[in-house]
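# Descriptive structure summary
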Amino acid sequence: MRSGVISLIAVLFGLLAGAVLMAVTGHSPITGYMYLFEGGLKSPERIGDTLATATPLIFTGLSVAFAFRTGLFNIGAAGQMLLGGFLASAVGLSLDLPKPLLLLVMIIAGFVGGALWAVVPGILKAKYNVHEVVSTIMMNWIAYWTVYYAVPAYFKGEFLETESKLLPEAATLNVPFLSEMFGGSYINLGLFLAVIAVIVFAFIINRTTLGYELKAVGLNRHSAEYAGIAVNRSIVLSMVIAGGLAGLGGVAQYAGNAANIQIGILPSQGFDGIAVALLGANTPVGVLLSALFFGLLYSGRGFMNAMTEIPPEIANSIIAIIIYFAATSILIERLVRWLIRRRSSGASARSSAERKVD
Amino acid sequence: MDYAVEMLDIRKEFPGIVANDDITLRLKRGEIHALLGENGAGKSTLMGILFGMYQADRGMIKVSGKEVRIGNPNVATKLGIGMVHQHFKLVSTFTVTENIILGSETRKGLVLDVKTASKRIEQLSQRYGLNVDPHAKIEDISVGMQQRVEILKMLYRDAEVLILDEPTAVLTPQEILDLGIIMKNLIGEGKSIILITHKLKEIKANAHRCTVIRRGKTIGTVDVASTSELVMAEMMVGRSVTFKVDKKAASPGEIVLQVDSLSVNNNKKCLALNNFSLEVRAGEIVGIAGVDGNGQSELVEAIAGLRKPESGSVRLKGEEITGLSVRSRIHRGIGHIPEDRQKRGLVLDYTIAENMVLEVYHREPHSKRGILNKAAIKQYAERIIASFDVRSGQGASSIVRSLSGGNQQKAIIGREIELNPDLLIAVQPTRGLDVGSIEYIHRRLVEQRDKGKAVLLISLELDEILNLSDRIAVLNQGERIGVVNASETNENEIGMMMAGVTAEGGGEA
């Protein structure tokens, strides 16, 4: 609850700072924001695109948040997402199955790919106490180069060396009824998968013995060990789940929002996931909401750019400023407390003054 | 009257709890003033207010007769108030000098001037008889020395009023005596000291006056010389107390724990416990006496399954458990009150309810097929809270971090006893606790014994070992020096054995 308020204040400050930036560069903040939000929400198609943009962010946000709730800092969501997406694409391009079955296998492959990329840092952490920040970053680059090599070697696109073949219709998360409902948007089944992931995340963290164990290990490894919880297993498992979530994000991105993989790019959603988790206070619903908000900013900034002279970098700056405020939530907390105290002391001063009058 | 510090009608509320309810404390110049109270009585809060860590909701603080507002610790330092915290705030890879000047470094141009500083530290050290080497690294010196560094830190900043928070909790008996001398030197030089403690012996030995607080209220300020320990204890807990543990003779039954020529390494891969054998029977309390760091921790960890022994075996009720996991040992009936309640015993950011099921969350009724049953967990926790008198702001849903040390400990003890273990290992069960809680915990341990459980007690407090144990095993440098019957021994004999002198003819093998 309290962290929700802080996130809202962070968002507000970020938007205010963005307004100042726009004003300083000689543009009207009101028209700027109008076009920004219109760009994300104006028509069903734009709403659908906003939701689709948010989908991979939900997954990577959940990935980072899950790791964080269990005491781990997963910087490797980008690599996990890329590899999950790659593995899913490989399945989609290689197997010839009916669509529902193929999608199911691809989703599993995506989860496995992400999990595989996270299990290595997990084991390194559990066995040799290698810090996961270092090892997950390393794994990002291994994923980057693996895909860089494997896509041209095995799944070369028809026209370009730098991207994979397009996925066949049966292997994409796009379904006609969704696209039609949202006026031709590229929204896809990934969104439903993301909502399911949010629910499963919340359930695991709050209601299961598994979540209890993982959180205990994250909060105090020594007392978890003392209580007979298998600490090393828990660390590895946390990473597997976090990585799997990021891998699903890869499925949503490369088999939903896009229909192929480009080489030479680490997906920015992997790193944005850190910001999403931070703004969402590492809670599942918070992640969902903050991912939607980020999706809105990302999908609206193009429209803002087209309709005004405001550079799209302003939208990025707003995101960055929001992240700063979310990261320094302690300052906001202090501000809130200070305001409350001032008001209450003001009130008590007033009431005592009144008493004197009596 | 010349008061160094006056705290008048201080009130401080935290959510759900009034920590200080109009407390008044007056510190005369040049006196040692003890602040006595149970855990959670509000001592730390009161001193936190004086040191600027909290702001009082109401009340007035005067320093040398002038009213002041202490907004943060820097203000307190400027006013000449210094605090030695229970947990030292030192950088272990820095030298004594570097630690002391940290935050008020002397400079020569842009360069740190360590030489002048260390000279001044040396002078201060000599003047107050502290005997600290300014060039030693913190990690190389003893805990007692580290505490002196903390005191020097205050003196270096010209503190006139020193607050010592539970200074003896971490010291050996000899170091405690030395600290007494240091405090006398300090007041001899005109400093004033507030001594936060709940050890009556030390108040009696060192303090001039004593202010007693209970549940956030001032009970009174007494002259220590003319007040007996018993009276002070009663003021503190609000009822009459006994220092002796009331217990009848033990009636030992079957062997519950059998440790056989156990050798265990410590973290540095050196042999910390050497060929140690011991048995604990049902219905008896066996105490392990020894100076800290003589293999006690390694022994306990090997029995609990937290550390792999090099050789030897551990049996529980005749069953070999040497290779079993921690969890299966808990299942087989080992309860363990760990030495460090915050590091090992509790997940501080979990609620009381969540902490109470730390070892049993995976069993019915607390969970079923991997799904937690929060209602059952809460009920279980509330039962422990009620029967072990764990006080907190919001009952079972309080975050454990917000509990006082004594209540945290009571929660752990409640949790372990609720497991109904055949063997209860209690390591320093009353460390840092007040008389009331100690008495209570001792009674609970004896009660376990009388229910026919085996209790293994490890403590650095000789009084506690002598009071509670039926038999006492003495450890010195990882070796068993001897085992004696508590009724046939005394402090001197145990003390000698702790120093490594073998008992002659005392006890059984």
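Residues numbered from 1 in each chain as written. Chains lettered and ligands numbered in written order. Predicted model: local features only at pLDDT ≥ 70, side-chain atom pairs only at ≥ 80, totals over all residues. Heavy atoms only, no water.

What follows is about unusual backbone geometry. The omega torsion of the bond from E364 of chain B to P365 of chain B falls at 5 degrees, within 30 degrees of zero and hence cis. Turning to its location among the elements, P365 of chain B is positioned in the loop between α12 (352–356) and β19 (367–368). Positive phi outside glycine occurs at N129 of chain A, with the angle close to 55 degrees. Residue placement: N129 of chain A occurs in the loop between α5 (99–128) and α6 (132–154). Phi is positive for R215 of chain B, close to 45 degrees, though the residue is something other than glycine. With respect to the helices, strands and loops of the structure, R215 of chain B is situated in the loop between β11 (209–214) and β12 (217–223). (Helix = DSSP H or I, 4+ residues; strand = E, 2+ residues; numbered from the N terminus.)

A few words on the UniProt feature "transmembrane region" (unreviewed entry) in chain A. In the numbering adopted here, UniProt assigns the feature "transmembrane region" (unreviewed entry) to residues 47–68, 75–95, 101–124, 136–155, 186–205, 274–298 and 318–336 of chain A. Annotated as residues 101–124 of chain A, this span is 100% helix and 0% strand, and its ends, taken at the C-alpha atoms, are 35 Å apart. (UniProt positions renumbered as here; feature names shortened; annotations may be inferred.)

With respect to the element layout, S329 of chain A can be found in helix α15 (residues 329–357). Between the C-alpha atom of S329 of chain A and that of A281 of chain A, which follows or precedes it by 48 residues, the distance is 9.8 Å.

Residue and element names in this part refer to chain B. Contact geometry for helix α5 (residues 143–156) and helix α6 (residues 173–188): axes closest at 11 Å, N-to-C directions at 15 degrees. Taken together, α5 and α6 sit at an angle that is classed as roughly parallel. Seen along the crossing, α5 lies across α6 with a hand that is right-handed. In contact with G144, Q147, R148, I151 and L155 of α5, α6 contributes E175, D178, L179, I182 and L186. For the contact of α5 with α6, the class distribution of residues is 5 nonpolar, 2 polar and 3 charged. (Axes fitted to C-alpha atoms, helices over the stretch in contact; angles between N-to-C directions. Parallel < 35°, antiparallel > 145°, perpendicular 65-115°, else oblique. Left-handed = near helix turned anticlockwise from the far one by under 90°. Contact = heavy atoms within 4.5 Å. Nonpolar A, V, L, I, M, F, W, Y, C, P; charged D, E, K, R; others polar.)

One pass over the full model with this rule turns up 15 aromatic pairs over all chains. For the ring pair Y33 of chain A and F37 of chain A, a centre distance of 6.1 Å and an interplane angle of 25 degrees mean the geometry is stacked. Within this pair, Y33 of chain A and its partner F37 of chain A are both found in helix α2 (residues 29–41), separated by 4 residues, close to a single helical turn. Since its relative accessible area comes to 12%, Y33 of chain A is described here as buried. An angle of 65 degrees between the planes, with centres 5.9 Å apart, marks the rings of Y35 of chain A and F303 of chain A as edge-to-face. Taken together, the residues Y35 of chain A in helix α2 and F303 of chain A in helix α13 (residues 284–307) connect sequence positions 268 residues apart. In this pair, the class of Y35 of chain A matches that of F303 of chain A, namely buried. What links up through ring pairs into an aromatic cluster is the set F86, Y149, Y154 and F155 of chain A. Between R26 of chain B and the ring centre of Y3 of chain B, over which it is positioned, the NZ or CZ distance is 5.8 Å. A cation over a ring is seen here: R120 of chain B above Y156 of chain B, with NZ or CZ 4.6 Å from the ring centre. (Phe/Tyr/Trp six-rings, centres within 6.5 Å; stacked < 30°, edge-to-face > 60°. Buried < 20%, exposed > 50% of the residue type's maximum accessible area, 1.4 Å probe, protein only. Lys NZ or Arg CZ within 6 Å of the ring centre and 35° of its normal.)

Glancing now at the side chain of R307 of chain B. Residues and elements named next belong to chain B. Position of R307 among the secondary structure elements: in the loop between α9 (296–304) and β16 (311–316). A relative accessible area of 18% places R307 in the buried class. Here the side chain of R307 touches N265 through a polar contact of 3.1 Å, landing on its backbone oxygen. Among the polar contacts listed, one links the side chain of R307 to the side chain of N267, at a separation of 3.0 Å. Setting aside chain neighbours within four positions, we find R307 in contact with V264, N265, N266, N267, E298, E301 and A302. (Polar contact = N/O pair within 3.5 Å; in protein donor to acceptor, adjacent residues only side chain to side chain.)

Attention now goes to the pattern of salt bridges. All names here are of chain B. Summed over all chains, the structure comprises 39 salt bridges over all chains. Ionic pairing is found between K201 and D463, a salt bridge with its closest N-O pair at 3.2 Å. Here the residue K201 occupies a position in helix α7 (residues 200–206), and D463 occupies one in helix α16 (residues 462–468), the gap between them amounting to 262 residues. Assessed through its relative accessible area of 54%, K201 is described here as exposed. In this structure, a network of salt bridges that share partners links the residues K247, K248, R449, D450 and D470. (Salt bridge = Lys/Arg side-chain N within 4 Å of Asp/Glu carboxyl O.)

A few words on the domain arrangement of chain B. All names here are of chain B. Here chain B is partitioned into domain 1 (3–237), domain 2 (242–333 + 421–509) and domain 3 (341–419). Placing a centre on the C-alpha atoms of domain 2 and another on those of domain 3 gives a separation of 26 Å. Carbon and sulfur atoms make up 60% of the area that domain 2 and domain 3 hide from each other, which totals about 1400 Å². Looking only at domain 2, the three residues that lose the most surface to domain 3 are R327, I330 and R444, adding up to 31% of its buried area. The tally of links between domain 2 and domain 3 comes to 1 salt bridge. (Domains from an automatic or database assignment. Buried area = accessible area lost by both parts, 1.4 Å probe.)

Moving on: the interface of chain B and chain A. Counting residues at the interface gives 28 residues for chain B and 19 residues for chain A. Taking both partners together, chain B and chain A bury about 2100 Å²; carbon and sulfur atoms supply 57% of that area. Three residues stand out in chain B for area buried against chain A, namely R344, Y350 and Y361 of chain B, and they jointly supply 28% of the buried area on that side. Seen at the junction of chain B and chain A, the total is 1 salt bridge. Notably, a salt bridge pairs E225 of chain A with R344 of chain B, separated by 2.8 Å at the nearest N-O pair.

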